[in-house]
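# Notes for the structure review
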Amino acid sequence: MTTATNTKVFYLIIGSGRVARHMAHYFHQLNIHFESWDRSQDPHVLARKVSSATHVLLAISDQALEGFYRQHLLGHDKVVVHFSGAHHFPEMIAAHPLMTFGATWYELALYKKIHFVLTGSTALAEALPGLPNSFSPLPAEQKSLYHAYCVLGGNFVTLLINKMLEGLSSLNIPPEAAEVYVQQTVQNTLAQSHRALTGPLARKDVQTVQKNIEALTQDPYQQIYQAFLQVHWPDYPRKDNHHENRS
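In short, a report on the structure. (Residues numbered from 1 in each chain as written. Predicted model: local features only at pLDDT ≥ 70, side-chain atom pairs only at ≥ 80, totals over all residues. Heavy atoms only, no water.)

## What to know about the sheet that holds strand β2 (residues 34-37)
One open sheet holds the seven strands; their spatial order is β2-β1-β3-β4-β5-β6-β7, and the pairing between them is mixed. Here the strands that pair on one side only, and so sit at the sheet edges, are β2 and β7 (135-137). Across the sheet, the mean angle from the axis of one strand to that of its neighbour is 25°, orientation sign disregarded. Summarising the sheet, strand β4 (residues 79-82) and strand β5 (residues 93-97) pair through two bridges and their orientation is parallel. Its bridge partner being in β5, Val81 is matched across the sheet by Ile93. Across the sheet, helix α2 (residues 43-52) lies against β1 (11-14) and β2, angled at about 150° from β2, the strand it touches most. Helix α6 (residues 143-170) contacts β4, β5 and β6 (116-119) of the sheet and is inclined by roughly 15° relative to β5. (Pairing = 2+ DSSP bridges. Helix = DSSP H or I, 4+ residues; strand = E, 2+ residues; numbered from the N terminus. Axes fitted to C-alpha atoms, helices over the stretch in contact; angles between N-to-C directions. Contact = heavy atoms within 4.5 Å.)

Pasting the structure below:
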């Protein structure tokens, strides 16, 4: 990794996925000039664009990062930035956006609120000059733990919400009916943390929890329910324990 000394910044965004498209849209809104390249374009065009860039942003899959760098960028005097939350390469800066990117664009105000987590640099102005976003430095050895927390709070929450919506739909309850519930749950959690927990786990309602578990007997998500129960309520008196105590 080389720190560009140029006073003028020229960005090249590599990739065509959601992160690449959202970053490009954000740059458009900030009036930041950039070029882009993806695999649908001629490889010879890539060499020309790399030569004119000061900052190359690799918005590609984690598995492709190291290979792409060594094939196309090794030896070039460029600031190379990737957006992986889990991986670190000494030759590159990692600037992980703490955000989920959907299929539609966001408003500029939301893009500006995205927090970047940096590894390989202590200043966002080095990795992404011109962006007004907040940031935090993170040591390379803590990246896996950081990303695990992101997956727990982001990807797993998405899976759980989708499961609830699918389940309600199977009971002829429209998914839209859960929208207010889900939104308020997230708002309460952000505002109140552990105090936001409600329902049978908060009440330590053994009978209701047992009915929940039994209702999920034919559903693989029963194991998910029980795993959360084991973490949050490790001394939960399971039904089979009652039988054991009476025998």
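## Section: the nonpolar core
Membership of the largest hydrophobic core comes to 26 residues, with the highest contact counts inside it found for Ile13, Phe27, Leu57, Phe116, Leu128 and Leu131. Looking at this core, the elements with two or more residues in it are β1, α1 (18-29), β4, β5, β6 and α5 (124-127). Per-element tally for this core: the top contributor is α1, with five residues. If we ignore the near neighbours within four places in the chain, the residues touching Leu128 are Tyr11, Leu57, Phe83, Ala95 and Phe116. Ile14, Ala53, Leu58 and Phe89 belong to the second largest nonpolar core, which has 15 residues in total. (Core = buried A, V, L, I, M, F, W, Y, C linked by side-chain atoms within 4.5 Å. Buried < 20%, exposed > 50% of the residue type's maximum accessible area, 1.4 Å probe, protein only.)

## Some remarks on the side chain of Lys143
Turning to its location among the elements, Lys143 is positioned in helix α6. It is Asp62 that comes nearest to the buried, bridge-free Lys143 among opposite-charge side chains, at 7.9 Å. Excluding residues that lie within four positions of it along the chain, Lys143 makes contacts with His82, Ser84, Gly85, Ala86, His87, His88, Ala94, Thr119 and Leu138. (Lys, Arg positive; Asp, Glu negative; His and termini not counted. Salt bridge = Lys/Arg side-chain N within 4 Å of Asp/Glu carboxyl O.)

The analysis is restricted to geometry; functional conclusions fall outside its scope.
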